[in-house]
Every structure is written in C-alpha cells, then in structure tokens.
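# A look at the structure
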Amino acid sequence: MTAAAPAAEDSPGSWLHEDLHWSFARLKQGLSTAESAVVREHGMSLWGYTVLMAIVEAPARTQLALAQAVSVDKSKLVVILDELEGAGLVVRRPDPADRRARIIEVTPEGGRALKAARGDIEAIEERLLGGLDTQERAVLRKALRHLVGAPILAIEDGRQAESACPPSGP
C-alpha cells in the first residue's frame, strides 16, 4: 500500500506545511531576517541581542553557563562577547571565586541598547502575531515555552544537542 500523495507544496495540509521542523525553520528564517536588521541599528548582531538578554536575566553567569543557556558553542560565544564588548555593551571581569572564569555584565549603554532593540523586536512580533487574538497568542507562547523544556529534552534522548550556533570553520 502506498501513501496518499500530499497536497501541493504551498497549500495548507501539505506534508511540508504539516512538518514541524520546516514550520519552525521557516518562522526562524523570517524572524531572523526582520530582527537582524533592527538589532544592527542598535549596535549588535541577533546573537549579540540574544546573549545580552541572557546576561541581563543572570548577570553573574559564567561564560560556560551562558553558552549552554543560549545554545551557542563556547568558542562562538567568545566572538559574540568580543563584539558586544567592543561596542561597549558588556564588560568581562574576573570572577573573584575563580580567576580563570569571567563574569559578564551589561554596561549602562548595553542596557539602553537592549531596551531599544527589545522595543523594535516586540513591534516585529506584534506584526507576526497580528492575525491571532489575545487568547491564541497566549496559547502559542505557553506551548512554545513548554516545548523548549522537558519535551525537547525527551526527544533528544540524552544525545549531545547540536549547538544552534556552532563555531565557524577556519
């Protein structure tokens, strides 16, 4: 017995449009395109924006913990932090408990840039979610927060997660 042919590629109900990986990849691609442009206006890359948000949420976080929290390779994180530090958005200082470790802190300029960038990002998200009512938005956000927790860990099944931002090759 053969599988029924899927609907046309661009029609709802097609295999492509029913595939979660494709759907999330397409959303990520569109958001990345729009958001990269606006965060550049605030002196950072999209990864810099993500890292800056994580630092604000946990200012005493080590570089290793930060890399794990944002799913970026440790060596790539160093490049991102170099860019943020060069732009005056963060500072790295030795951890008093471990001189080999660095604590990353957001500068006042970094806080202002993050707040401004966050406002622009929220406007983009508002445009994206404009066709959903308040309840649909809340359900979507709640479902996404849930899925990035235990369910994703379960399907990774203990395998080493691929970094969302691997190091660049030579």
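A few points on the structure. Owing to the predicted nature of the structure, the values given are computational and were not obtained by experimental measurement. Each residue is numbered by its place in its chain's sequence as written, counting from 1. At least 70 in pLDDT is required for a residue's local features to be given in this predicted model, at least 80 for side-chain atom pairs to be given and counted, and no such filter applies to totals for whole chains, interfaces and linings, which use all residues. Think of the side-chain values as coming from all heavy atoms in the structure, minus any hydrogens and water.

### Things to note about the overall build of the chain
A run of H or I in DSSP counts as a helix once it spans at least four residues, and a run of E counts as a strand once it spans at least two, with each numbered from the N terminus. Of regular secondary structure, the chain possesses eight helices and two strands. In sequence order, the chain lays out its α and β elements as α-α-α-α-α-β-β-α-α-α. Whether two residues are in contact is decided by their heavy atoms, any of which lying within 4.5 Å being enough. Taking all contacts inside the chain whose residues are at least 6 apart in sequence as the whole, residues at least 24 apart take part in 51%. Accessible area for the chain stands at about 11700 Å²; split by element, carbon and sulfur atoms hold 58% of it. Using the Shrake-Rupley algorithm and a 1.4 Å probe, accessible areas are obtained, with residue cover drawn only from the displayed protein chains.

### Here's the deal with the environment of arginine 112
Among the secondary structure elements, arginine 112 is positioned in helix H6 (residues 108–129). The exposure class assigned to arginine 112 is exposed, which follows from its relative accessible area of 53%. In the structure, arginine 112 is positioned 23 residues away from leucine 89 in sequence and 8.9 Å away in space, judged by C-alpha atoms. The definition of a polar contact used here is a pair of N or O atoms within 3.5 Å, where within protein one atom must be able to donate a hydrogen and the other to accept one, and adjacent residues in sequence count solely through side-chain atom pairs. Side-chain polar atoms of arginine 112 contact the side chain of glutamate 109, separated by 3.2 Å. For the exposure calls, accessible area comes from a 1.4 Å probe over protein chains only, and a residue counts as buried if that area is under 20% of its type's maximum, exposed if over 50%, partly exposed in between.

### A short note on the packing of H6 against helix H7 (residues 134–147)
Axes here mean lines fitted to C-alpha atoms, for a helix over just the part in contact, with angles spanning 0 to 180 degrees between N-to-C directions. Running from N to C, H6 and H7 point in directions that differ by 115°, and their axes come no closer than 11 Å. Here H6 lies roughly perpendicular to H7, going by the angle between them. H6 and H7 meet at a crossing whose hand is right-handed. Of the residues in H7, those in contact with Glu125, Glu126 and Leu129 of H6 are Arg137, Leu140 and Arg141. Its residues assigned to classes, the contact of H6 with H7 comprises two nonpolar, no polar and four charged. An angle below 35 degrees is treated as roughly parallel, one above 145 as roughly antiparallel, one from 65 to 115 as roughly perpendicular, and anything else as oblique. The handedness criterion is simple: a crossing whose near helix is rotated anticlockwise from the far helix by less than a right angle is left-handed, and one whose near helix is rotated clockwise is right-handed. The residue classification treats Ala, Val, Leu, Ile, Met, Phe, Trp, Tyr, Cys and Pro as nonpolar and Asp, Glu, Lys and Arg as charged. All others, Gly included, are polar.

### A short note on helix H4 (residues 63–70)
Regarding H4, the residues found buried are Gln63, Leu66, Ala67 and Val70. Buried residues in H4, looked at end-on, bunch into an arc of 100°, giving them a common side. Working definition: the arc comes from the directions between the helix axis and the C-beta atoms, pointing outward to the latter.

### Some words on the side chain of threonine 107
Note that threonine 107 resides in the loop between strand S2 (98–106) and H6. Overall, the relative accessible area of 14% leaves threonine 107 in the buried class. In terms of polar contacts, threonine 107 uses its side chain to reach the backbone amide nitrogen of glycine 110, at 2.9 Å. Residues contacting threonine 107, with those up to four places away along its chain left out, are Gly88, Leu89, Val90 and Val91.

### Quick notes on the side chain of glutamate 35
By secondary structure assignment, the location of glutamate 35 is in helix H2 (residues 20–40). Buried charged residue glutamate 35 carries no salt bridge. Nearest counter-charge: arginine 118, at 6.0 Å. With residues up to four places along the chain from it excluded, the contact list for glutamate 35 reads Leu46, Ile121, Ile124 and Glu125. For the charge count, each Lys or Arg is scored as positive and each Asp or Glu as negative, with His and the chain ends excluded. The salt bridge definition used is simple: a Lys or Arg side-chain nitrogen within 4 Å of an Asp or Glu carboxyl oxygen.

### Remarks on the nonpolar core
Only buried residues count toward a nonpolar core, which is a set of Ala, Val, Leu, Ile, Met, Phe, Trp, Tyr and Cys residues joined through side-chain atoms within 4.5 Å. By size, the foremost hydrophobic cluster in this structure holds 25 residues, and its most contacted members are Val39, Met44, Tyr49, Val51, Leu66, Leu81 and Leu84. Within the residue set of this core, elements represented by two or more residues are H2, helix H3 (46–57), H4, helix H5 (74–86) and H6. The leading source of residues in this core is H3, at six residues. Residues in contact with valine 39, not counting those within four places in the same chain, are Met44, Ser45, Leu46, Tyr49, Ala117 and Ile121.

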